[in-house]
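# Structure assessment
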Amino acid sequence: MAFYYAVQRGKKPGVYNTWADCQAQVKGFSGAVFKKFASKAEAEAFAGASGGYGSVGGNGSKSNGGSGYGISGGRTGSSGSAASSCRNAADVTSASASVPQGPQFHSVSDIKPEDITSEFTGVDTEALAYVDGSYNIRSKKFGYGGILMRRDGTFETLQGSGTDASLASMRNVAGEIHGSMAAIRAAGKQGVKSITVFYDYMGIEMWADNKWKANKEGTIEYKAFISEMRNSMEIRFQKVAAHTGVRFNELVDKLAKGSVGIL
């Protein structure tokens, strides 16, 4: 079956016939927006919307709208997996309206090897992970949930929590950063040399890449951890729009809530 790769924001917006051609237009382009379609008409409509085909919005700036697959932006709800969409680097309102086609996971036991391998479409790192954080206001406990995936279809579930007062003051953000750290640490123990971390809280990437100032104990620790791990591992980040039906993101949200006793 032929697919069409629509670049809405990239070096040269338009519709491409191969993933390689699409990737050439978006790799290294900040705020790139792109997606895979089975219909050329749909691809052309997507590429021409909100910043496509050289319009004013196509300069790589990030929007604050809905969701979409991306290099460093959100993921659209059009399929719930990377297999049916390219990555997109901005949160795109026009890409958020469609409903996920893949069934949602009720628990980790629902995951099949093919669910894991399909997530690597458009991802060229050795491993990938989804992470999320949560906070229980009654117990003042922060926690995280995550899933570390390998190309062979295997995965590792990650959960943890804490009550350290200095970290708990950050509420769910403490869980978010500790989830990212847990996934990267677990990947390192497996000998992984490159990983893409999918997250739904922007600080995960911003503090790691020194785009936000780290001025709290937790964020300072996180920034230092990422810096140290990057001496032996390539670490990339991709934003996921929260609560839009991206099924692995929804699942790690459940794991994060479970870690603090909310579910």
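Above this text you will find the structure in question.
Summary of the structure given here.

Rules of the game
Residues numbered from 1 in each chain as written. Predicted model: local features only at pLDDT ≥ 70, side-chain atom pairs only at ≥ 80, totals over all residues. Heavy atoms only, no water. Pairing = 2+ DSSP bridges. Helix = DSSP H or I, 4+ residues; strand = E, 2+ residues; numbered from the N terminus. Axes fitted to C-alpha atoms, helices over the stretch in contact; angles between N-to-C directions. Contact = heavy atoms within 4.5 Å. Parallel < 35°, antiparallel > 145°, perpendicular 65-115°, else oblique. Left-handed = near helix turned anticlockwise from the far one by under 90°. Buried < 20%, exposed > 50% of the residue type's maximum accessible area, 1.4 Å probe, protein only. Lys, Arg positive; Asp, Glu negative; His and termini not counted. Salt bridge = Lys/Arg side-chain N within 4 Å of Asp/Glu carboxyl O. Polar contact = N/O pair within 3.5 Å; in protein donor to acceptor, adjacent residues only side chain to side chain.

Turning our attention to the sheet that holds strand 2 (residues 14–16). Here three strands make up an open sheet; going across it, the order is 2-1-3 and the pairing antiparallel. Bordering the open sheet on either side are strand 2 and strand 3 (33–37), each of which pairs with just one other strand. Each neighbouring strand pair of the sheet contributes to a mean axis angle of 25°, computed without reference to strand direction. Bridging between strand 1 (residues 4–9) and strand 2 involves three bridges; their strand directions are antiparallel. When the sheet's bridge partners are listed, Tyr5 is paired in strand 2 with Tyr16. Most of the contacts of helix 1 (residues 19–26) go to strand 1, to which it runs at about 10°, and overall it touches strand 1, strand 2 and strand 3.

Attention now moves to the packing of helix 5 (residues 172–189) against helix 7 (residues 217–229). Direction vectors running N to C along helix 5 and helix 7 enclose 20°, while the axes themselves pass 10 Å from each other. The angle between helix 5 and helix 7 places the two elements in the roughly parallel class. As helix 5 runs across helix 7, the sense of the crossing is left-handed. Facing helix 5, whose interface residues are Ile177, His178, Ser180, Met181, Ile184, Arg185 and Gly188, helix 7 presents Gly218, Thr219, Glu221, Tyr222, Phe225, Ile226 and Met229.

On to the side chain of Asp132. Mapped onto the secondary structure, Asp132 falls in strand 4 (residues 127–136). Buried and unpaired, Asp132 has Lys257 as its nearest opposite-charge partner, separated by 6.0 Å. Setting aside residues up to four positions removed in sequence, Asp132 forms contacts with Gly143, Tyr144, Gly145, Gly175, Glu176, Asp200, Asn249, Val252, Asp253 and Ala256.

With that settled, the discussion passes to unusual backbone geometry. A positive phi angle is found at Lys140, which is not glycine, with a value near 55°. Relative to the helices and strands, Lys140 resides in the loop between strand 4 and strand 5 (141–150). Phi is positive for Asn210, which is not a glycine, with a value near 60°. With respect to the helices, strands and loops of the structure, Asn210 is situated in the loop between helix 6 (203–208) and helix 7.

Tracing the sequence through the fold places Gln104 in the loop between helix 2 (40–48) and helix 3 (113–118). Take Gln104: its relative accessible area is 34%, and that puts it in the partly exposed class. Taking the C-alpha atoms as reference points, Gln104 and Phe248, 144 residues apart in sequence, are found 8.1 Å from one another. With sequence-adjacent residues up to four places away left out, Gln104 is seen in contact with Gly245, Arg247 and Glu250. Polar contacts involving the side chain of Gln104 include one to the main-chain carbonyl oxygen of Gly245, which spans 2.8 Å.

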